[in-house]
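Close look at the chain arrangement
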Amino acid sequence: MTVEQEWGLDPNDTQALAHQQELESQESKSGNTIVATAIQAATQPLSTFDEMWRMAQVLANAHGMVPTHFIGKPESIFVVLDWAKLTGVPIFTALQGISVIEGKPYIGFELVKLLVIRHPDCEDMYVETIGSGDDMIAIATIKRRNKRVTIERFSVADAKIAKLWGKIGKNNYPTPWVLHPRKMMEKVALVRAARRAFPDALWGMYPVDERELVNVSELPTQNVEELPDYTKRLAIMGMVEIL
């Protein structure tokens, strides 16, 4: 297909072609400018409310640089920026690792691992799977300095009880529980161990990989005044449930 056919223009109309080329050039420059501005903004230290809000507005328009669920939502991005600032997690890492589901933020598996591994009291963390078929069990082990070893297990039987084993998604598409059951079991076991051994490292945020296992609205909550400062702020805003 020629450029003229793609644009639906008369190949002999040079003026119209030149005008369309100019529009395409301006659109490309505009998109590149937004991306460049987003990268520059995300690498600058944040110290004030206004700086974070301006960055949130830039990132909310950075198509291709941030997850689609953040596009056009500077308020959600602002919360992530605040969380990243307090935890010391790089901004783009936080944006890629946090999902907003039904109005609540959840942290992904890779971000859970990052927060635990970089904790100064983390001495070891690993997960393995033993057995096969219906006897398969994922075992996660985490060692925190001066604490007993934390071990969590998640079996095929557990997955079946939670109605995750062989789960089919929308439009009959297979979920990761069909495509990668071993990996999903290891994720659940490791996330559960992380929540037990390093609740302070997760800042009260609920891991997205455990979201399907329980009804978040039915989880018991603590007195807000007993929570760490940032977790307290999220709880007050109603954006996270605390175990």
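Residues numbered from 1 in each chain as written. Predicted model: local features only at pLDDT ≥ 70, side-chain atom pairs only at ≥ 80, totals over all residues. Heavy atoms only, no water.

Counting residues in hydrophobic clusters, the biggest one holds 48 residues, and the most contacted among them are Trp83 and Ile107. Looking at this core, the elements with two or more residues in it are α3 (49–59), α4 (74–87), α5 (91–97), α6 (109–117), β3 (122–130), β4 (137–144), α7 (156–161) and α9 (181–197). The biggest single contributor to this core is α9, with 9 residues. Non-local contacts of Ile107, meaning those with residues more than four positions away in its chain, are made with Trp83, Gly97, Ile98, Val112, Leu115, Leu202, Met205, Tyr206, Pro207 and Val208. (Core = buried A, V, L, I, M, F, W, Y, C linked by side-chain atoms within 4.5 Å. Buried < 20%, exposed > 50% of the residue type's maximum accessible area, 1.4 Å probe, protein only. Helix = DSSP H or I, 4+ residues; strand = E, 2+ residues; numbered from the N terminus. Contact = heavy atoms within 4.5 Å.)

Let us now look at α3. The set of residues buried in α3 consists of Met52, Met55, Ala56 and Leu59. When α3 is viewed along its axis, its buried side chains cluster within an angular range of 105° and face the same direction. (Arc of directions from axis to C-beta.)

Attention now goes to the pairing of β4. Where burial is concerned, most of β4 is hidden: 6 out of the 8 residues are buried. Between β4 and strand β5 (residues 150–155), which follow one another and run antiparallel, lie 5 residues, and Asn146 among them has a positive phi close to 65°. (Pairing = 2+ DSSP bridges.)

Looking now at the sheet that holds strand β2 (residues 104–107). The strand order across the open sheet formed by 3 strands is β1-β2-β6, and the pairing between neighbours is mixed. A strand with exactly one partner marks an edge of an open sheet, and here the two such strands are β1 (98–101) and β6 (206–207). Pairing geometry for β1 and β2, over 4 bridges, is antiparallel. Paired with Ile101 across the strands is Lys104, a residue of β2.

The final tally for this structure, using the stated rule, is 8 salt bridges. Notably, a salt bridge pairs Arg145 with Asp121, separated by 3.1 Å at the nearest N-O pair. With Arg145 in the loop between β4 and β5 and Asp121 in the loop between α6 and β3, the pair connects residues that are 24 residues apart, well separated along the chain. For Asp121, a relative accessible area of 24% corresponds to the partly exposed category. One salt bridge connects Lys160 with Asp134, and the closest N-O pair in it is separated by 3.4 Å. Of the two residues, Lys160 is situated in helix α7 and Asp134 in the loop between β3 and β4; the sequence distance between them amounts to 26 residues. On the accessibility criterion, Lys160 (42% relative accessible area) is partly exposed. (Salt bridge = Lys/Arg side-chain N within 4 Å of Asp/Glu carboxyl O.)

Here the focus is the sheet that holds β3. For sheets, the rule is that strands pair by backbone hydrogen bonds, running either parallel or antiparallel. The sheet built from 3 strands is open, its strands ordered β3-β4-β5 with antiparallel pairing. Whereas interior strands pair on both sides, the edge strands pair on one side only; in this sheet they are β3 and β5. Each neighbouring strand pair of the sheet contributes to a mean axis angle of 10°, computed without reference to strand direction. One ladder, built from 6 bridges, connects β4 with β5; its direction is antiparallel. Within β5, the residue paired with Ile139 across the bridge is Arg153. Contacts from α9 reach β3, β4 and β5, with the element oriented near 150° to β5. (Axes fitted to C-alpha atoms, helices over the stretch in contact; angles between N-to-C directions.)

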